[in-house]
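Remarks on the overall topology
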Amino acid sequence: MTRIDFHSNVPDKIAYACRLARKARSANFRIAILTKDRTDLAALDSALWTFSELDFLPHVPANENHASITPIILTDSDNDELPHYEILINLSAGTPAHFARFERMFEIIGTDDADKSAGRERYRFYQQRGYPLTHFVAEKA
């Protein structure tokens, strides 16, 4: 059963996802990151290249040829077929259709009211279905 970790009160979801991806990669996990749209996907792609001068986080969009051998996969579509299912980082406002395929999922909840409300709905959805949940409140920077 997928373990689900909620991280709420996150002021910059893209930067936070980069840090989570770095931590997961340092433990040799493969990661998929779901964004809400192409704009966020492009911002995440750029951030993964530039957020740290000391870390290299190899990543590609899910539809690229090298996706099967790349440890970090980026997508803005719930319908993309992904090459691995270890960790999912959800930056979208919805419940990912295939989250149960993953060993672990991180739900990243921002500071705006709409994101908080959508996050609460997803929390209840998973809770009602018996998924193991944890909740972490990000500290203000």
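Model, not experiment: these values are computed from the prediction.

1. Considering unusual backbone geometry
Phi at Asn9 takes a positive value of approximately 65 degrees, unusual for a residue other than glycine. Structurally, the position occupied by Asn9 is in strand S1 (residues 3-10). Of note, Asn28 is a non-glycine position whose phi angle comes to about 70 degrees, a positive value. You can see Asn28 is positioned in the loop between helix H1 (13-26) and strand S2 (31-34). Under the relative-accessibility criterion, Asn28 is labelled exposed at 59%.

2. Some words on the side chain of Thr2
You can see Thr2 is positioned in the segment before S1. Side-chain polar atoms of Thr2 contact the backbone oxygen of Ala100, separated by 3.3 Å. At 2.6 Å, the side chain of Thr2 forms a polar contact with the backbone oxygen of Phe102. Excluding residues within four positions of it along the chain, Thr2 makes contact with Phe99, Ala100, Arg101, Phe102, Glu103, Arg104, Met105, Tyr131 and Pro132.

3. A look at the nonpolar core
Formed by 23 residues in total, the largest nonpolar core has its most connected members in Ile33, Leu44, Leu48, Ile72, Ile89, Leu91 and Ile108. When residues of this core are traced back to their parent elements, those giving at least two are H1, S2, helix H2 (38-50), strand S4 (72-75), strand S5 (87-90) and strand S6 (104-110). Here this core gets 7 residues from one element, more than from any other, and that element is H1. Each residue touching Leu44, except ones within four places of it in the same chain, is listed here: Ile14, Ala17, Cys18, Ile33, Thr35, Leu74 and Leu91. Residues Phe6, Val60, Ala67 and Tyr131 belong to the second largest nonpolar core, which totals 17 residues.

4. Some remarks on the packing of aromatic side chains
Throughout the structure, instances matching the rule amount to 9 aromatic pairs. Centre to centre, the rings of Phe6 and Tyr123 are 5.0 Å apart; their planes meet at 65 degrees, and the pair counts as edge-to-face. With Phe6 in strand S1 and Tyr123 in helix H3 (residues 113-128), this pair connects stretches of sequence that are 117 residues apart. Note on Tyr123: relative accessible area 26%, which makes it partly exposed. Ring centres of Phe99 and Phe125 lie 6.4 Å apart, and the angle between their planes is 75 degrees; on these two criteria the pair is classed as edge-to-face. On the criterion of sequence distance, the pair formed by Phe99 in the loop between S5 and S6 and Phe125 in helix H3 is long-range, its members being 26 residues apart. Under the relative-accessibility criterion, Phe99 is labelled buried at 6%. Counting every residue linked through ring pairs, the aromatic cluster contains Phe6, Phe99, Tyr123, Phe125, Tyr126 and Tyr131.

5. Some details on the pattern of salt bridges
Once the charged atoms of two side chains with opposite charge are near each other, the side chains can pair. Inspection of the entire model under this criterion finds 8 salt bridges. The shortest N-O distance in the salt bridge between Asp55 and Arg22 comes to 3.1 Å. Note that Asp55 is positioned in the loop between H2 and strand S3 (59-61) and Arg22 in helix H1, a separation of 33 residues in sequence. Note on Asp55: relative accessible area 28%, which makes it partly exposed. Look at Arg22 and you get partly exposed, because its relative accessible area is 29%. Between Glu107 and Arg122 there is a salt bridge, with its nearest N and O atoms 2.8 Å apart.

Calculation notes
- Residues numbered from 1 in each chain as written.
- Predicted model: local features only at pLDDT ≥ 70, side-chain atom pairs only at ≥ 80, totals over all residues.
- Heavy atoms only, no water.
- Helix = DSSP H or I, 4+ residues; strand = E, 2+ residues; numbered from the N terminus.
- Buried < 20%, exposed > 50% of the residue type's maximum accessible area, 1.4 Å probe, protein only.
- Polar contact = N/O pair within 3.5 Å; in protein donor to acceptor, adjacent residues only side chain to side chain.
- Contact = heavy atoms within 4.5 Å.
- Core = buried A, V, L, I, M, F, W, Y, C linked by side-chain atoms within 4.5 Å.
- Phe/Tyr/Trp six-rings, centres within 6.5 Å; stacked < 30°, edge-to-face > 60°.
- Salt bridge = Lys/Arg side-chain N within 4 Å of Asp/Glu carboxyl O.

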